[in-house]
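These are the residues of each chain, in order.
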Amino acid sequence: MNVAIIGTGYVGLVTGVCLATKGHLVTCVDQQSSRVAMLQRGETPFFEPGLDTLLRETLASGTFSATADTAAAVADAELVIVTVGTPTTEGGIDLTHLGTALNEIGMALAADDSYRVVVIKSTVVPTTTTRFALPLLEHASGKVVGQGFGLTMNPEFLREGTAVNDFQVPDRIVIGEYDARSGAAVQALYEPYACPKVHTGLSDAELIKYTSNALLATLISFSNEVATVCEAVPGTDVETVMDALHLDRRLSPVVNGRRVTPAILTYLRAGAGFGGSCLPKDVSALRHFGGEHGLSMPLLDAVLTINAARPQQVVDIVHAELGDLRGRSIAILGLAFKAGTDDLRESASLRLAALLLAAGAEVSAYDPIALGYAHNSVDPRIRIANDAPAVFAGSDAVVLMTAWPQFKDWRWGDLTTSMHTAVVIDGRNALRKVEWPSAVRYRTIGTAKAQHAVAAVG
Ligand code: NAD
């Protein structure tokens, strides 16, 4: 099928490139001409494993192209997929980008008599497609939905860091449809994907996305609340508690004599809090949406409150180890909101850095992938180190905030010798298997017990 994708960020580009690998003729549109130029050269504007290779392959095969011209892309398309950002503000979901994109699409629809299906893939709160997108498209196009154009809501569940595989091997595809004709077009788009295709109304599709993210955020905050208990009660350890919890057969069933470990269990682990472009904003948006309908949302309130407190709890551990933080040098390991991405949006590392700076500490940071973004976008008071030894040298504590797998394999004994005081705080419980030299004081999330005696190195 001929497909136009409006908004070529994480979701738009992964969607476009992956659909192009299935033989669809995809044109990705972005308002940023520099981004379009990069894509035309075969360069991805962000880090996502496997995406650059597929971009170059689909460009070469002619199934993928990029442009800044929405009207031209829509003119050639049977399906127009909208993947612009929908950030959450104090006032709820911000539909500015969506409104602009839909207006441009509507005007392009008006240019001829062809029937096309508009697919809202951006995450939007229930009723947005019906009450916002539909009238806007009808007004801008002069056409009537169901006759002149079709309309669907098709939420995206990919996760940054594993986005290509998530898109290529989906758990399910949700097709919220205005009518059967619209839904059939999206069903045809996804024909190459062997997974359940769930046809729903438009608002159910919107709510399914928020429900999915709210559940994940709830599991994380639940685990972090258990960690808070463990941090207050010497002799308890959240990892021990969670390991045993996971063994409940309802969480990890035994199939043919072997225990299965579902991926959902990774969300039942304590850490320094969730971040990223989706969980915080989507939980906030759902909470706000409930409020607009006169609903109190006490569970989601608690999920966000617990999450907001986690970076401060890490600061409290740093403070317990070092005392007054004024003038102390604290190194943060990992700036991306999670491993596998260079996305810094709502990263817990940046919230920790802000708290440490406010406490008078000097903050440096290192990330294996997100350095390019970090140099341009973080608080200029954060010293960005270009390699691991540089971030350790002279620091009073290092705090691991992103669980990059390579951190586990570092020669911690060597690296910590250049520190002023050898304090390592593990905000993701990722280094528990490291054999620490006796000079290092290693502190974890979700435990009050000190595991080694502190010692000054230099
Ligand atoms: P993003 O900010 O990375 O990308 C949005 C892109 O849209 C930008 O490149 C921007 O320049 C472009 N854009 C904005 N207005 C435009 C217009 N009028 N015409 C052309 N281009 C325009 O956003 P994202 O992370 O890809 O998220 C997009 C949507 O998908 C959001 O609603 C988000 O909640 C949802 N989502 C994101 C993820 C994720 O992991 N990032 C996962 C699932 C769903």
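Heads up: the structure comes first, above all this text.
I will try to describe carefully the structure that is included in this document. This is a predicted model, so every value here is computed, not measured.

Calculation notes
Residues numbered from 1 in each chain as written. Predicted model: local features only at pLDDT ≥ 70, side-chain atom pairs only at ≥ 80, totals over all residues. Heavy atoms only, no water. Helix = DSSP H or I, 4+ residues; strand = E, 2+ residues; numbered from the N terminus. Buried < 20%, exposed > 50% of the residue type's maximum accessible area, 1.4 Å probe, protein only. Contact = heavy atoms within 4.5 Å. Pairing = 2+ DSSP bridges. Axes fitted to C-alpha atoms, helices over the stretch in contact; angles between N-to-C directions. 1 Å grid on protein atoms, 1.4 Å probe; cavity = no way out; pocket = protein on both sides within 12 Å on 5 of 7 lines; lining within 4 Å. Points joined across faces, edges and corners; volume = space filled by probe spheres on them. Nonpolar A, V, L, I, M, F, W, Y, C, P; charged D, E, K, R; others polar. Expected span 1.5 Å × (residues − 1). Bend = angle between axes of the 7 residues up to and from the residue. Salt bridge = Lys/Arg side-chain N within 4 Å of Asp/Glu carboxyl O. Core = buried A, V, L, I, M, F, W, Y, C linked by side-chain atoms within 4.5 Å. Phe/Tyr/Trp six-rings, centres within 6.5 Å; stacked < 30°, edge-to-face > 60°. Lys NZ or Arg CZ within 6 Å of the ring centre and 35° of its normal. Near = heavy atom within 4 Å. Polar contact = N/O pair within 3.5 Å; in protein donor to acceptor, adjacent residues only side chain to side chain. Areas by Shrake-Rupley, 256 points an atom, 1.4 Å probe, with all protein chains shown as cover.

1. A look at the overall build of the chain
Thought 1: Regarding its fold elements, the chain presents 16 helices and 18 strands.
Thought 2: Counting only C-alpha atoms and orienting by the principal axes, one finds that the chain spans roughly 75 × 50 × 45 Å.
Thought 3: Relative to its 458 residues, the chain shows a buried fraction of 54%.
Thought 4: A separation threshold of at least 6 residues defines the contact pool for the chain, and within that pool the share at least 24 residues apart is 70%.

2. A look at the sheet that holds strand E15 (residues 383–384)
Thought 1: Reading across the sheet, the six strands line up as E15-E14-E13-E16-E17-E18 and stay open at both edges, with parallel pairing between neighbours. Two strands bound the open sheet, and with one partner strand each, they are E15 and strand E18 (441–444).
Thought 2: Of the strand pairs in this sheet, strand E14 (residues 362–366) and E15 are connected by two bridges, and their pairing is parallel. Paired with Ala365 across the bridge in E15 is Ile384.
Thought 3: Sitting on the sheet, helix H12 (residues 298–322) touches strand E13 (329–333), strand E16 (397–400), strand E17 (423–426) and E18, and the angle it makes with E17 is about 160°.
Thought 4: Along the sheet, helix H13 (residues 348–358) makes contact with E13, E14 and E16, crossing E13 at roughly 175°.

3. Considerations on the environment of Val363
Thought 1: Within the secondary structure, Val363 sits in strand E14.
Thought 2: Taking the C-alpha atoms as reference points, Val363 and Ile175, 188 residues apart in sequence, are found 46 Å from one another.
Thought 3: When sequence neighbours within four positions are dropped, the list of residues in contact with Val363 reads Ile330, Ile332, Ala353, Leu356, Leu357, Arg381, Ile382 and Arg383.

4. Examining the layout of surface pockets
Thought 1: If you add up the space inside the second largest pocket, you get close to 190 Å³.
Thought 2: Along the wall of the second largest pocket there are 15 residues; nearest its centre are Val125, Thr127, Thr128, Phe289 and Glu292.
Thought 3: For the lining of the second largest pocket, the elements supplying multiple residues, two or more each, are strand E6 (92–93), helix H6 (128–141) and helix H11 (279–292).
Thought 4: Here the lining of the second largest pocket takes four residues from H11, the largest share from any one element.
Thought 5: Considering only residue class, the lining of the second largest pocket consists of seven nonpolar, six polar and two charged.

5. Concerning the pairing of E13
Thought 1: With respect to burial, E13 is a largely interior element, five of its five residues being buried.
Thought 2: Residues Ser329, Ala331 and Leu333 of E13 are buried on one face, and the alternating residues Ile330 and Ile332, pointing to the opposite face, are buried as well.
Thought 3: Pairing geometry for E13 and E14, over five bridges, is parallel. Residue Ala331 lies in a different strand from E14, and its bridge partner there is Ser364.
Thought 4: Pairing of E13 with E16, which is carried by four bridges, proceeds in the parallel orientation. In the strand pairing of E16, Leu333 is matched with Leu400.

6. Some details on H12
Think of an α-helix as 3.6 residues a turn; residues three or four steps apart then line up on the same face.
Thought 1: The end-to-end C-alpha separation of H12 is 36 Å, in line with the 36 Å expected for 25 residues at 1.5 Å each.
Thought 2: The sharpest bend along H12 reaches about 30° and sits at Arg310, with the proline Pro311 one to four residues further on.
Thought 3: Backbone geometry just downstream of H12 places Gly323 in the positive-phi region, at approximately 75°.

7. What about the pattern of salt bridges?
Thought 1: Scanning the entire structure with this criterion turns up 20 salt bridges.
Thought 2: Put simply, Asp237 and Arg432 hold a salt bridge, and the shortest N to O gap is 2.6 Å. Of this pair, Asp237 sits in the loop between helix H9 (202–232) and helix H10 (238–246) while Arg432 is found in the loop between E17 and E18, placing the two residues 195 residues apart along the sequence.
Thought 3: Between Arg443 and Glu321 there is a salt bridge, with its nearest N and O atoms 2.8 Å apart. Of this pair, Arg443 sits in strand E18 while Glu321 sits in helix H12, and the two are 122 residues apart along the sequence. Like Arg443, the residue Glu321 is buried in the burial classification.
Thought 4: Among the charged side chains, a network of salt bridges with common partners joins Glu160, Asp343 and Arg345.

8. Brief notes about the nonpolar core
Thought 1: Counting 59 residues, the largest nonpolar core has Leu356, Phe392, Trp410, Trp412 and Leu431 as the members making the most contacts within it.
Thought 2: Excluding its chain neighbours within four sequence positions, the residues that come into contact with Leu356 are Val315, Leu325, Ile330, Ile332, Ala361 and Val363.

9. Observations regarding the packing of aromatic side chains
Thought 1: Following the criterion strictly, the structure yields eleven aromatic pairs and no others.
Thought 2: Where Phe392 meets Trp412, the ring centres are 5.5 Å apart and the plane angle is 70°; that geometry is what we call edge-to-face. Linking Phe392 in helix H15 (residues 388–392) with Trp412 in helix H16 (residues 412–416), this pair joins segments that are 20 residues apart in sequence. Trp412 shares its class with Phe392; the two are buried.
Thought 3: With a centroid separation of 4.6 Å and 55° between ring planes, the pair formed by Phe407 and Trp410 is classed as tilted.
Thought 4: Since its relative accessible area comes to 0%, Phe407 is described here as buried.
Thought 5: Between Arg172 and the ring centre of Phe157, over which it is positioned, the NZ or CZ distance is 3.7 Å.

10. Details of the site of the ligand
Thought 1: Surveying the vicinity of the ligand reveals 26 residues, the closest of which are Asp30, Gln32, Thr86, Glu160 and Lys281.
Thought 2: The side chain of Arg35 places a nitrogen or oxygen atom 3.1 Å from an oxygen atom of the ligand.
Thought 3: Within the side chain of Ser277, an N or O atom sits 3.3 Å from a nitrogen atom of the ligand.
Thought 4: In isolation the ligand has 830 Å² of accessible area, and contact with the protein removes 92% of it.

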